[in-house]
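So the chains spell out like this:
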Amino acid sequence: MSVIDASIVLCEIECSRAVCITLLSMQAKTGAELEKALSLPHFAEMACDCISPAAWARLEGGAADEITLRWNLEAYRHIRLRPRVLVDVSQLDTRVTLFGQELPFPILLSPTGAQGFVHTDGDLGVARGAGAAEAILIISSSASMRVEEVVKAATATVWFQLYIQRDREFTRDLVQRAEAAGCRALCVSVDSPSHGARDREYRFKGQLPDRPLPNFQSKDYLDPTVTWKDIDWLQSFAKIPVLLKGIIDPDDADIAVQAGVSGIFVSNHGARNLDTVPATIDALPLVSARVQGRIPILVDGGIRRGTDIVKALALGATAVGIGRPYLHGLGVGGAAGVTRVLQILRREFELAMMLTGRPTIASIDRSVLWPT
Ligand SMILES: Cc1cc2nc3c(=O)[nH]c(=O)nc-3n(C[C@H](O)[C@H](O)[C@H](O)COP(=O)(O)O)c2cc1C
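What counts, and at which threshold
Each chain carries its own residue numbering, running from 1 in the written order of its sequence. Owing to the predicted nature of the model, reporting of local features is limited to residues with pLDDT of at least 70; listing and counting of side-chain atom pairs is limited to 80 or more, with chain, interface and lining totals taken over all residues. Comment: elements are numbered from the N terminus, with helices defined as DSSP H or I runs of at least four residues and strands as E runs of at least two. The reference for a compact globule is 2.2 Å times residues^0.38; the radius of gyration itself is calculated from the C-alpha atoms. Each residue is classified by how many other C-beta atoms fall within 10 Å of its C-beta atom, where C-beta atoms are placed from the backbone; a count of 20 or more means buried, 12 or fewer means exposed, and values in between mean partly exposed. A residue's pLDDT is simply how confident the predictor is in it, with values from 0 to 100. Here, residues touch in the contact sense if the C-beta positions derived from the backbone fall within 7 Å of one another. Being near a molecule or strand means, for a residue, that its backbone-placed C-beta atom lies within 6 Å of it. Residue polarity is assigned by list, with Asp, Glu, Lys and Arg as charged and Ala, Val, Leu, Ile, Met, Phe, Trp, Tyr, Cys and Pro as nonpolar; anything else, Gly included, falls into the polar class. Convention used here: a crossover is right-handed provided that the path from the first strand, over the helix, to the second strand proceeds clockwise when the strands point away from the viewer. Only when DSSP finds a minimum of two bridges between them are two strands counted as paired. The nonpolar core is taken to be a set of buried Ala, Val, Leu, Ile, Met, Phe, Trp, Tyr and Cys residues joined by way of C-beta atoms within 7 Å. In this analysis an axis means a line fitted to C-alpha atoms, helices contributing only their contacting stretch, and an angle means the value between N-to-C directions, from 0 to 180 degrees. Helix crossings are classified by the rotation of the near helix relative to the far one: an anticlockwise turn of less than a right angle makes the crossing left-handed, while a clockwise turn makes it right-handed.

In terms of helices and strands, the chain carries 14 helices and ten strands. Computed over its C-alpha atoms, the radius of gyration of the chain comes to 19 Å, within 12% of the 21 Å expected for a compact globule of 372 residues. Sorting the 372 residues of the chain into buried and exposed places 51% on the buried side.

Structure follows, in structure tokens:
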């Protein structure tokens, strides 16, 4: 067992000792305590003590043997950086533009359901926390609230994540509601004809209450009949940019470009669907080589450090998404915890830019990676 494997196993053991037995966050930290959190891994440790074991398994678990879950993290650790010295890094420019929208820094909140299991602030806390950090939130269609209510709590740009549901008219209506509410891009998750075998989560089956899913027509919301034709259909009426989330094969990326979508999100659903697929950071360069800059690429899965963002950008991403880390922030400190997680990651990214001698986003290219 590698040192990394051992530390992950240790973390799981530690978490199974979590003392909380209630369903929601019981030991939310005060502002002063939040200030002491040093890093995203530190937040994960703190969150483990604040979140019930059942909710922890739900948010932390992956599919089956969780091999891809480990790979998503490990793959970043194997990529080495190549810093340049004596570069003026006194002024950093971390801005990126996506679909005409300017982001102050290239970190988004990937869509996650189940936020209400982590903290009573739930979906609204995430929206407020993201807004305070000036980061784009992708509202999940499996949120426990109607998309309109979440948008109302947001103070920064929001996008909407869509599962194309069995009832296409319901789906069309949902898209139009999200547009009318002010969502500025549609992120269609295309990797989920079914949920994966989430064994860790299922061990706690029945221990979390049923929650409302008001953006779905029924509990049986995943439709295995969805194909590229549905993407054409969606684009025939969507007024906002359409991105496809969950692509890891370059051939699919090529079809997506030809289908006219506005962007691709390289994602393996946080390793929650199909186990033993590659880490997203290993898929990214292949996708990027095929897309050839025709449309922007985003990536998520395993981003925990500012240096991970430098690596993702060097390998072809315009921006990155995080999932579990902001849920850890939510569990530890509600909306303020979400903000703090984003601030820490942003600060680490800036530090990584300084220390690699790359003061602008454009200067982050393959040359920042040590040759393999
Ligand atoms: C608890 C949880 C719920 C999620 N729910 C959704 C969802 O509703 N829709 C979706 O497209 N992705 C969902 N995801 C996947 C995330 O959008 C994202 O791809 C993943 O969390 C990124 O990996 P990371 O957690 O290592 O940052 C979920 C992930 C987690 C951990």
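Count 3.6 residues to each turn of an α-helix, and residues three or four apart come out pointing the same way. Of all eight residues in helix α4 (residues 53-60), six are buried; the element is thus mostly enclosed. Those residues of α4 that sit buried are A55, W56, A57, R58, L59 and E60.

Here we take up the confidence of the model for the chain. Per-residue confidence for the chain gives a mean pLDDT of 92; residues scoring 70 or more make up 92%. Predicted confidence in the chain is weakest over helix α1 (residues 3-16), with a mean pLDDT of 40, and strongest over helix α13 (residues 306-314), with 99. Contacts of residues 1-23 to residues separated by more than four positions or lying in other chains number 25 contacts, the stretch itself having pLDDT below 50.

Near the ligand, the surroundings consist of 24 residues, among which S110, S189, G270, G323 and R324 are the closest. Split by residue class, the shell around the ligand holds five nonpolar, 14 polar and five charged.

Turning our eyes to something else, we now look at the pairing of strand β8 (residues 263-266). Going residue by residue along β8, you find G263 and F265 tucked away on one face and I264 and V266 tucked away on the opposite face as well. Since strand β7 (residues 242-247) and β8 lie parallel, the crossover through helix α11 (residues 250-258) that links them has a hand, and here it is right-handed. Pairing geometry for β8 and strand β9 (residues 297-300), over three bridges, is parallel. Paired with F265 across the two strands is L298, which belongs to β9. What joins β8 to β9 is helix α12 (residues 280-291), and the crossover it makes is right-handed.

Mapping W159 onto the fold places it in strand β5 (residues 158-162). Those residues in contact with W159 that sit more than four places away from it in its chain are I136, I138, C183, R184, A185, L186 and C187.

On to the nonpolar core, then. Counting 109 residues, the largest nonpolar core has L137, I264 and V266 as the members making the most contacts within it. The element best represented in this core is helix α14 (residues 324-356), accounting for 14 residues. Leaving out residues up to four positions away in the same chain, I264 has contacts with L243, L244, I247, A253, A256, V287, V291, I295 and I297.

Here we come to the environment of G321. With respect to the helices and strands, the residue G321 is situated in strand β10 (residues 319-322). Separated by 141 residues in the primary sequence, G321 and A180 have C-alpha atoms spaced 24 Å apart. Excluding residues that lie within four positions of it along the chain, G321 makes contacts with L108, L109, S110, L298 and D300.

This brings us to the packing of α13 against α14. Two numbers describe how α13 lies on α14: the axes approach to 7 Å, and their chain directions differ by 65°. Handedness of the α13/α14 crossing: right-handed. Facing G306, T307, I309 and V310 of α13, the residues of α14 in contact are L345, E348, F349, L351, A352, M353 and T356. Residue classes in the contact of α13 with α14 are distributed as seven nonpolar, three polar and one charged.

Turning our eyes to something else, we now look at α13. With nine of its nine residues buried, α13 lies for the most part within the structure. The set of residues buried in α13 consists of G306, T307, D308, I309, V310, K311, A312, L313 and A314. As for α13, its buried residues are in contact with α5 (67-77), β3 (107-109), α12, β9, β10 and α14.

Glancing now at unusual backbone geometry. Its identity as a non-glycine residue notwithstanding, E66 has a phi of 60°, on the positive side. C-beta crowding within 10 Å serves as the criterion here: with 20 such atoms nearby, E66 is assigned to the buried category. Residues other than glycine seldom take positive phi values, yet A114 does so here, at roughly 70°. Inspection of the secondary structure assignment puts A114 in the loop between β3 and α6 (122-132). A residue is classified by how many C-beta atoms lie within 10 Å of it, and A114, with 19 of them, is partly exposed.

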